[in-house]
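Residue-level listing of the chains:
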Amino acid sequence: MSTTVSSTTPKSPGSPPERPPVGAAATRAIKRLHFYAGLAIAPFLLIAAVTGALYAMSPTAEQLIYRQQLHTDSTGPAASIAEQVRAAQAVRPDLPVSAVQPATDPGDTTRVLFNDPTLGDSERLAVFIDPVTRESLGQLVSYGSSGALPVRTWIDRLHRDLHLGEPGRVYSELAASWLWVVALGGLVLWVAQVRKRRRATDTGSLLRGLPGARGRGRTVSRHGVIGTWIIVALLFLSATGLTWSTYAGKHVTDLRSALSWTTPAVDASLTGTPQTAGGEHAGHQMSGPADMAAPEVDTVAGVDGAVAIARANGVDGAVEVSIPSDDATAFVVSQRRIPWRASTSSIAVDPSRDAVVDVSRFADWPLAAKLSAWGVQVHMGIMFGLPNQLLLLAVMIALVVAIVLGYRSWWQRRSRDGRVGAPPSRGALRELPPAVVVAVVVVAAAVGWFIPLLGWPLLAFLVIDTALGWVRARPVA
């Protein structure tokens, strides 16, 4: 008769309970956070996804809705840009002209922009001129540097603040602040689920789901697969969305300023020393002393010369020309954000002296400034034109479906007493080693400070959840 000796040493009655593996405890904590964050934040994400889907297609819709203003069937030689600006001034002699966006391709109209005190911030009145006939084809309000017209502006504001102004921006910042947390938390849980399935049945895939799953398992599988396919896009949208936000956006701006990552701007003052752009496009420079006072000129008359100097120095294509209101300011020619253009250089010129005053070449920008510019263009659906917009639309539709599946899985989650949507058990943080808990708290505090609409709700969740756990754990007298 043989005797088997156990390899484990029996625990003494008074010894503390063993801690579960760190990975298991962390997964439980993420699961509870993902559960509550999904329930509370998903409505905001759903609104952002629906309005974002509309905004993604708004540039194309704008071209169709305002075709009469944006395009013309006239053929023949185009009038000078100055003549086109004067034609627009004849339509609105009561307003000061501020800029012009000359037509670049046959069939396009020229957009002349006026400052209108009756309009809101970042809004200008655009008069659309046929370059061939110099006829006005209409007037519309143009918003921001992108030149969004009324329909796109309305959708933009719906997506940004629900037309509620500054208070409404809290919704979009809350969605952007939590999107990456919910997405990454969901990915961690989905990876754990697939690994568990593989250990049991040797089947399952992050991108294809769990074959043979039924009921809630099938819902979770579809939710996880969709989230995995679009997670990179979600992280990108969250990051770029935060740069436009009120509170986190300020911290992003301050950080970029501290690290000298801001977008360079040209100096349009004529009190400095004009310079040449250099390189192969050199040759347009000041012909007299640097401190010579600029002669009085008709600024509108100089617009064609300003465009010519800009083109000779490599700032060409679709541009906006800022028309100075006095003789102490130069023309600024800036490349506009249009599909398939990766650079947006700017140049300040003084055509009266054939001089380049200042230049900001996109190639010389800090990498962070370039990435920010590209991110904004992709987020707005401009960078790659229609394919960019269709991709954003597909991601937004997928996000809506994932959110609906997430709520369905919550509805299908029932506890033993029949309650719908029973949350995962609490206490996971207490099971982690103290050093890990401290590290989690420090990181959460830092992220929460940088992204306040993530930090404050997260702190409130932890306080309330801990208090409820303490109350429920108290013995009943």
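All residue numbers refer to position in the chain's written sequence, counted from 1. At least 70 in pLDDT is required for a residue's local features to be given in this predicted model, at least 80 for side-chain atom pairs to be given and counted, and no such filter applies to totals for whole chains, interfaces and linings, which use all residues. Based on all heavy atoms of the structure, the side-chain values leave hydrogens and waters out of the count.

For the chain, an unreviewed UniProt entry supplies the name PepSY-associated TM helix domain-containing protein and the organism Gordonia neofelifaecis NRRL B-59395.

**Digging into the nonpolar core**
The biggest cluster of nonpolar side chains holds 34 residues, and the ones touching the most others in it are L45, W178, I230, L234, V395, M396 and L399. The criterion used for residue contact is that any of the two residues' heavy atoms lie within 4.5 Å. Dropping the residues within four chain positions of it, V395 is found in contact with I230, A233, L234 and L237. Put simply, a nonpolar core is a bunch of buried Ala, Val, Leu, Ile, Met, Phe, Trp, Tyr and Cys residues held in one set by side-chain atoms that sit within 4.5 Å of each other. Think of it in three bands: residues with accessible area under 20% of the maximum for their type are buried, residues over 50% are exposed, and the middle band is partly exposed, with areas taken using a 1.4 Å probe on protein chains only.

**What about a positive patch on the surface?**
Together, K31, R195, K196, R198, R199, R208 and R216 give the surface a local cluster of positive charge. Here a helix means four or more residues in a row that DSSP labels H or I, a strand means two or more in a row labelled E, and each is numbered from the N terminus. Looking at the positive patch element by element, the count peaks at four residues for helix α6 (residues 169-201). Along the chain, the position of K31 falls in helix α1 (residues 22-56). Judged by its relative accessible area of 39%, K31 falls in the partly exposed class. What goes into a patch is any residue over 30% in relative accessible area without a salt bridge, connected to like charges within 9 Å or, for nonpolar side chains (Val, Leu, Ile, Met, Phe, Trp, Tyr), within 5 Å. Per-residue accessibility takes into account occlusion by the displayed protein chains alone, with areas from the Shrake-Rupley method and a 1.4 Å probe. Each reported salt bridge corresponds to a side-chain nitrogen of Lys or Arg within 4 Å of a carboxyl oxygen of Asp or Glu. Positive charges come from Lys and Arg, negative ones from Asp and Glu, while His and the chain ends are left out of the count. Lysine's charge is taken at NZ, arginine's at CZ, aspartate's at CG and glutamate's at CD.

**Digging into unusual backbone geometry**
Despite not being glycine, D202 shows a phi value in the positive range, around 60°. Positionally, D202 belongs in the loop between α6 and α7 (216-243). A relative accessible area of 66% means that D202 is categorised as exposed. Phi at W340 is positive, roughly 65°, even though this residue is not glycine. Secondary-structure assignment places W340 in the loop between β6 (331-335) and β7 (346-350).

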